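Structural characterization, general
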Amino acid sequence: MKKTPLILIFIFTTFCWGLNFQDAIASYTSIHHKIKTDTITVNFGNPIFDLKEGETLSLLVQSNGCYTAHSKLLLITKEKELFITRLYFNPTITSQTSAIRMPFDPNNGDLKETHTLSNKEMDYFMSFLISLNSIRDKGCSTTDTYVFNSIRFSMIKVDGTCQWKGFERLQKELFNQ
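Scope of this entry: the structure provided in the associated data block. (Residues numbered from 1 in each chain as written. Predicted model: local features only at pLDDT ≥ 70, side-chain atom pairs only at ≥ 80, totals over all residues. Heavy atoms only, no water.)

Here's the deal with the environment of leucine 57
Definition in use: Secondary structure follows DSSP: runs of H or I at least 4 residues long count as helices, runs of E at least 2 residues long count as strands, and numbering of each begins at the N terminus. The cut-offs for exposure are 20% and 50% of the maximum accessible area for each residue type, with area from a 1.4 Å probe on protein chains only; residues under the lower value are buried, those over the upper are exposed, and the others partly exposed. It only takes one pair of heavy atoms within 4.5 Å for two residues to be counted as in contact.
You can see leucine 57 is positioned in strand E1 (residues 56-64). Look at leucine 57 and you get buried, because its relative accessible area is 2%. Considering only alpha carbons, one finds leucine 57 and phenylalanine 148, 91 residues apart in sequence, at a separation of 7.1 Å. Residues contacting leucine 57, with those up to four places away along its chain left out, are Pro47, Ile48, Leu51, Leu74, Leu75, Ile76, Phe125, Asn149, Ser150 and Phe153.

Okay, here's the thing in structure tokens:
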């Protein structure tokens, strides 16, 4: 059995970390202006309430690191005065420009759960948005990119803290997962 020298493992790990750090800086630089102009403040209304009948707010969460890459898609649609959430794992997402304010389509994603939002869960979603907006990149090698899209709302935010885990808590709150 051939053993891999430790120096090669160290070089590979350092290389992966460097790529993620470079991507994090590039992501922050490219979206800095957008976040500055599309910031959620205490006076900001919940984008769920801006939805009209049949409209959808999408939240795409992409997690990337040296040893992980996966995505989840949360769709919130107003149907007959109710807000229905659908959670998809590993959707195939085609790129779209940030100028297009349209929700993402799940394209072959694995539908895991469908749920009707309660008022308490809508309040939790707003708390999640406010908390997400205050996150700052701390240089973690694994980053979670949050992309919100609807006709009237668009936001991109990168979580590089390795400890916030906001989408996991949101998923647990909305779907008990």
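Digging into the packing of helix H2 (residues 119-133) against helix H3 (residues 166-175)
Selection criterion: For every element, the axis is a line fit to its C-alpha atoms; helices are fit only across the contacting stretch, and the angle between N-to-C directions ranges from 0 to 180 degrees. Each angle receives one of four descriptions, namely roughly parallel if under 35 degrees, roughly antiparallel if over 145, roughly perpendicular if within 65 to 115, and oblique otherwise. Gly counts as polar in this scheme, as do all residues outside two lists: the nonpolar Ala, Val, Leu, Ile, Met, Phe, Trp, Tyr, Cys and Pro, and the charged Asp, Glu, Lys and Arg.
The contact between H2 and H3 brings their axes to 10 Å, and the two run at 175°. Overall, the two elements H2 and H3 adopt an arrangement that is roughly antiparallel. Two secondary-structure elements touch here, H2 through Lys120, Glu121, Tyr124, Phe125 and Phe128 and H3 through Gly166, Phe167, Arg169, Leu170, Glu173 and Leu174. Split by residue class, the contact of H2 with H3 holds 6 nonpolar, 1 polar and 4 charged.

Digging into the nonpolar core
Where we set the bar: In this description, a nonpolar core means a group of buried Ala, Val, Leu, Ile, Met, Phe, Trp, Tyr and Cys residues linked to one another through side-chain atoms lying within 4.5 Å.
Core analysis: the biggest nonpolar cluster contains 26 residues, and Leu59, Leu74, Ile76, Phe125, Phe128, Tyr146 and Phe148 have the highest contact counts within it. Elements with a minimum of two residues in this core: E1, strand E2 (69-79), strand E3 (82-89), H2, strand E5 (143-149) and H3. In terms of residue count, the dominant contributor to this core is H2 (6 residues). Apart from the residues within four sequence positions on either side, leucine 74 is in contact with Leu57, Ser58, Leu59, Thr85, Arg86, Phe125, Phe167, Leu170, Leu174 and Phe175. Core analysis: the second largest hydrophobic core is formed by 7 residues, Leu73, Leu75, Phe104 and Val147 among them.

Side note on the side chain of threonine 143
Assignment of secondary structure puts threonine 143 in strand E5. Ignoring sequence-local partners within four residues, the contact set of threonine 143 consists of Gln62, Ser63, Asn64, Val158, Asp159 and Gly160.

Regarding the packing of aromatic side chains
Any pair of aromatic rings gets described here by the distance separating the centres and the angle formed by the planes. Applicable threshold: Two rings belonging to Phe, Tyr or Trp (six-membered ring only in the last case) form a pair when the distance between their centres is within 6.5 Å. Interplanar angles under 30 degrees mark stacking, angles over 60 mark edge-to-face geometry, and anything in between is tilted.
One pass over the full model with this rule turns up 8 aromatic pairs. Residues phenylalanine 125 and phenylalanine 128 carry aromatic rings whose centres are separated by 6.1 Å and whose planes lie at 35° to one another, so their mutual orientation is tilted. Taken together, the positions of phenylalanine 125 and phenylalanine 128, both in helix H2 and 3 residues apart, correspond to about one turn of that helix. Overall, phenylalanine 125 belongs to the buried group, its relative accessible area being 2%. Connected via pairs of aromatic rings, a cluster forms that spans Phe125, Phe128, Tyr146, Phe148, Phe153 and Trp164.

Examining the sheet that holds strand E6 (residues 154-159)
Put simply, the rule is: In this description, strands pair whenever DSSP reports at least two bridges between them.
What the 6 strands build is an open sheet, ordered E4-E3-E2-E1-E5-E6; its pairing is antiparallel. With partners counted over all chains shown, the strands left at the sheet margins are strand E4 (110-116) and E6, one partner each. This sheet shows a mean twist of 15° between the axes of neighbouring strands, independent of strand direction. Summarising the sheet, E2 and E3 pair through 8 bridges and their orientation is antiparallel.

Things to note about the pattern of salt bridges
Using the following cut-off: Whenever Lys or Arg places a side-chain nitrogen within 4 Å of a carboxyl oxygen from Asp or Glu, that contact is recorded as a salt bridge.
Counted under the stated rule, the structure contains 4 salt bridges. Glutamate 55 serves as the salt-bridge partner of arginine 152, at 2.3 Å between the closest nitrogen and oxygen. In this pair, arginine 152 sits in the loop between E5 and E6 while glutamate 55 sits in the loop between helix H1 (6-37) and E1, placing the two residues 97 residues apart along the sequence. With a relative accessible area of 16%, glutamate 55 lands in the buried category. A salt bridge links glutamate 81 to lysine 78; the nearest nitrogen and oxygen atoms lie 3.7 Å apart.

Such coordinate-based values are descriptive only and should not be taken to indicate function.
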